[in-house]
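As a plain string of letters, each chain reads:
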Amino acid sequence: MNAQSWKITVFAPRDIVQAALIAHEDAFDWDADIVIAGSEIAEDKPEDWQLEAWLDREPTQDDKDALTALFGDATVDLAVELLPDEDWVTLSQQGVEPIREGVFHVHTPEYPDLADPGVRNFLIPASQAFGTGQHATTAGCLAMLTHMKREGVIVRNLADIGTGTGLLAFAAMHLWPRARAVASDIDAVCGPVVADNADANGVTLGDGAGKLAMVIASGMDHPLLAAAAPYDLLIANILAGPLVELAPDFADAVAPGGSVLLAGLLETQEPAVRAAYRKAGLRLAARMVRGDWSILWLRRRNGARVRSTRVGALPEWSKHW
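As the structure is a prediction and not an experimental result, all values here were calculated from the model. (Residues numbered from 1 in each chain as written. Predicted model: local features only at pLDDT ≥ 70, side-chain atom pairs only at ≥ 80, totals over all residues. Heavy atoms only, no water.)

K.L.:
Teacher, can you tell me more about the side chain of His-105 here?
P.N.:
With respect to the helices and strands, the residue His-105 is situated in strand β6 (residues 104-107). Judged by relative accessible area, His-105 falls into the buried class, the value being 5%. Not counting the four nearest positions on each side in its chain, His-105 is found in contact with Pro-98, Ile-99, Arg-100, Pro-112, Asp-113, Leu-114, Val-119, Arg-120, Asn-121 and Phe-122. (Helix = DSSP H or I, 4+ residues; strand = E, 2+ residues; numbered from the N terminus. Buried < 20%, exposed > 50% of the residue type's maximum accessible area, 1.4 Å probe, protein only. Contact = heavy atoms within 4.5 Å.)

The structure is reproduced here in structure tokens:
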């Protein structure tokens, strides 16, 4: 994905861009080759936003029409540009400052580790999978995981759904080093990305205590995810629409008293997400807001009946991932 990379930019007020992001979630026929993101233009202009779309081809009129349609009745101008002959995902992630949240410091190769006592450094280079921790939702998840650990949460078995680069799974494994972990993503490119990042950060891949298994799956639809349940902790930093849709599956996969950490939802989408999980039997334990984004920690009520899988005792067939 090096030559002929293009970007389309739309400048609009914050509420209009956020509405477009929500419309993107509901666009089930959206071309997966078009990756979009919304952000502030500058810290001192919080109401001025931009929506950026990256493509590895010259945008067609259909591509432009699809992007314009996200804005509904709002009139917007599309600025189309041909990017240099470089990896557009790498370009989109360069120039960002390291993130320091909870006990974690996340940085790209352009920045050094921190030598502060008690800090866990993670090196996450720009790659074909998003989620290096620069986004407010991922940063909030790192802070919430640290808070959960300080609150005495015990995790022996965890899952990170929609893992991207693997960062949140790595962070949880640092906090609970004896836990068995499974990470998943719907995008097949994330498999080798997670493997490379695990190697760079000293995370062991495999099945068993202190190891991470990586699978490609949509939601919870994978035999290994089913075999490893129930989980003490399930992390999902994805989008509000899928979070609502997956609420029953996530609730079924979490042990009584277990935790679910949700992110990727705008604060305006929080009521719908919380209602779906309340209906599924989870209650809110804590929340935080980073910018316009909510990070939710929910816990499953005790007394629910779930099947049991003894930690460390997956069936033999499931180990050949």
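From this point, things continue past the structure.
K.L.:
Where do I start with the nonpolar core in this structure?
P.N.:
As a rule of thumb, nonpolar side chains are buried together in soluble globular proteins. One finds Leu-145, Trp-176, Leu-212 and Leu-233 to be the most contacted residues of the largest nonpolar core, which totals 42 residues. Among the elements that take part in this core, helix α5 (residues 167-175) stands out by supplying 8 residues, more than any other. Leaving out residues up to four positions away in the same chain, Leu-233 has contacts with Leu-145, Met-148, Val-155, Asn-157, Leu-158, Ala-159, Ala-172, Trp-176 and Ser-259. Core analysis: the second largest hydrophobic core is formed by 31 residues, Leu-225, Ala-240, Leu-243 and Leu-246 among them. (Core = buried A, V, L, I, M, F, W, Y, C linked by side-chain atoms within 4.5 Å.)

K.L.:
When you look at the sheet that holds strand β8 (residues 157-161) in this model, what are you seeing that I'm missing?
P.N.:
Strand pairing within a sheet occurs via backbone hydrogen bonds; the two strands may be parallel or antiparallel. Judged by pairing direction, the sheet is mixed, and its 7 strands sit side by side in the order β10-β9-β8-β11-β12-β14-β13 without closing on themselves. Of all strands in the sheet, those with a lone pairing partner are β10 (212-216) and β13 (282-290), marking the two edges. Direction aside, the axes of adjacent strands within the sheet are offset by 15° on average. For β13 and strand β14 (residues 293-300), the ladder comprises 8 bridges, and the chain directions are antiparallel. Residue pairing in the sheet places Val-289 in a bridge with Ser-294 of β14. Packed onto the sheet, helix α6 (residues 190-200) meets β9 (180-185) and β10 and runs at close to 165° relative to β10. (Pairing = 2+ DSSP bridges. Axes fitted to C-alpha atoms, helices over the stretch in contact; angles between N-to-C directions.)

K.L.:
Can you help me understand the packing of helix α4 (residues 136-150) against α5 in this one?
P.N.:
Helix packing geometry: the angle between the two helix axes and the distance between the axes. At their nearest, the axes of α4 and α5 sit 10 Å apart, and the two run at 15° to each other. What the angle tells us is that α4 and α5 run roughly parallel. When the axes of α4 and α5 are compared, the crossing they make is right-handed. From α4, Thr-138, Cys-141, Leu-142, Leu-145, Thr-146 and Lys-149 reach across to α5, where they touch Leu-167, Leu-168, Ala-171, Ala-172 and Leu-175. Residue composition of the contact of α4 with α5, by class: 8 nonpolar, 2 polar and 1 charged. (Parallel < 35°, antiparallel > 145°, perpendicular 65-115°, else oblique. Left-handed = near helix turned anticlockwise from the far one by under 90°. Nonpolar A, V, L, I, M, F, W, Y, C, P; charged D, E, K, R; others polar.)

K.L.:
Is there a simple way to think about the pairing of strand β1 (residues 6-13) in this case?
P.N.:
Both faces of the sheet carry side chains from a regular strand, because those side chains alternate between them. Among the 8 residues in β1, 6 count as buried, and that is most of the element. Direction of pairing for β1 relative to strand β3 (residues 45-55): antiparallel, over a ladder of 8 bridges. Across the sheet, Trp-6 pairs through a bridge with Leu-55, a residue of β3. Bridging between β1 and strand β4 (residues 79-82) involves 4 bridges; their strand directions are antiparallel. Its bridge partner being in β4, Lys-7 is matched across the sheet by Glu-81.

K.L.:
Looking at this structure, how should I read the packing of aromatic side chains?
P.N.:
Aromatic ring pairs: the centre-centre distance and the angle between the two ring planes describe each pair. One pass over the full model with this rule turns up 2 aromatic pairs. Each residue in the set Phe-104, Phe-122 and Phe-170 is aromatic and connected to the rest through ring pairs, giving one cluster. (Phe/Tyr/Trp six-rings, centres within 6.5 Å; stacked < 30°, edge-to-face > 60°.)

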